[in-house]
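Here's the letter readout for the chains.
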Amino acid sequence: MGEFKGGLKLNKIFSATPEVLTKEEEAMLTVVKSVRTTPRDPRFPSTNQAPHCWNRYNEWILCLKQTKDEDGCKPLRHLALNICPSIWYEKWDEEREEGTFAGLQMEDKPKHH
């Protein structure tokens, strides 16, 4: 693997701490270390993550529908927000409010005979 400034291996960049950091560099390193995204999902092996995004968003709705616990479902919402473009989930949030969302619905629609 390639070398990084100061002779650090690239795979050691986050585990090795440089000897001297400014306060600003320490703050930036803390932010970078805390960045997380949704874990890999073997159901979506390709690079196109649109189906993964759609599934995560609907899994969050399913959690809300089944549990009615917004706080308990926050981790699922977080996973959806991390993988989906903001323009998509903002649109879906609006569609849910308007009752036009194509995915899972919070309320079951009455069946017409």
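Residue indices begin from 1 for each chain and proceed along its sequence in written order. Local features in this predicted model are restricted to residues of pLDDT 70 or higher, and side-chain atom pairs are both shown and tallied only at a pLDDT of 80 or more, whereas totals for entire chains, interfaces and linings draw on every residue. The basis for every side-chain value is the complete set of non-hydrogen atoms in the structure, without hydrogens or water.

### Observations regarding helix α3 (residues 70–83)
Moving on, step 1. Here α3 spans 20 Å end to end across 14 residues, near enough to the 20 Å set by a 1.5 Å rise per residue.
Moving on, step 2. L76 marks where α3 bends most, by close to 30°.
Moving on, step 3. Throughout this description, buried means an accessible area under 20% of the type-specific maximum (1.4 Å probe, protein chains only), exposed means over 50%, and partly exposed covers the range between. What counts as a helix is a DSSP run of H or I of at least four residues, what counts as a strand is a run of E of at least two, and both are numbered from the N terminus. Among all positions in α3, only C73, R77, L79, A80 and I83 are buried.
Moving on, step 4. For α3, the N-terminal cap is D69; the gap from its side-chain oxygen to the backbone nitrogen of D71 is 3.3 Å. The length a helix should cover is 1.5 Å for every residue beyond the first. Note on bend: at a given residue it equals the angle between the axes fitted to the 7 residues ending there and to the 7 starting there. In protein, a polar contact requires one atom able to donate a hydrogen and another able to accept it; more generally it is a pair of N or O atoms within 3.5 Å, and residues adjacent in sequence count only if both atoms are side-chain atoms.

### A few points about the state of the cysteines
Moving on, step 1. When two cysteine sulfur atoms lie within 2.5 Å, the pair is treated as a disulfide. Scanning the entire structure with this criterion turns up two disulfides.
Moving on, step 2. At a sulfur-sulfur separation of 2.0 Å, the disulfide partner of C53 is C84. Disulfide C53 to C84: torsion about the S-S bond roughly 115°, handedness right-handed. Pair noted here: C53 is in helix α2 (residues 50–67) and C84 is in the loop between α3 and α4 (86–98), with a separation of 31 residues, a long-range link.

### As for the nonpolar core
Moving on, step 1. Ranked by internal contacts, the top residues of the largest apolar core, which has 13 residues, are Y57, W60, C84 and W92.
Moving on, step 2. The set of elements that each furnish at least two residues to this core consists of α2, α3 and α4.
Moving on, step 3. When residues in this core are grouped by element, the largest group, six residues, is from α2.
Moving on, step 4. For Y57, the contacting residues outside a window of four places in its chain are R77, A80, Y89, W92, D93, R96 and F101. Remark: nonpolar core denotes a set of buried residues (Ala, Val, Leu, Ile, Met, Phe, Trp, Tyr, Cys) joined through side-chain atoms within 4.5 Å. Contact criterion: two residues are considered in contact whenever any of their non-hydrogen atoms come within 4.5 Å of each other.

### A look at the environment of C84
Moving on, step 1. Overall, C84 belongs to the buried group, its relative accessible area being 6%.
Moving on, step 2. Here the alpha-carbon distance between C84 and Y57, two residues 27 residues apart in the chain, equals 8.2 Å.

### Overview of the confidence of the model for the chain
Where the model shows low pLDDT, its predicted coordinates should not be examined in detail.
Moving on, step 1. Summarising the model, the chain shows a mean pLDDT of 80, and 78% of its residues fall at 70 or more.
Moving on, step 2. Every residue gets a pLDDT, meaning the predictor's confidence in that residue, from 0 to 100. Mean pLDDT in the chain bottoms out at strand β1 (residues 3–4), which sits at 42, and peaks at α4, which reaches 95.
Moving on, step 3. Overall, residues 1–11 carries pLDDT values under 50, and its contacts beyond four positions in sequence, including any with other chains, amount to eleven contacts.

### A short note on the side chain of E95
Moving on, step 1. Relative to the assigned elements, E95 resides in helix α4.
Moving on, step 2. Setting aside its immediate chain neighbours within four residues, E95 contacts T100 and F101.

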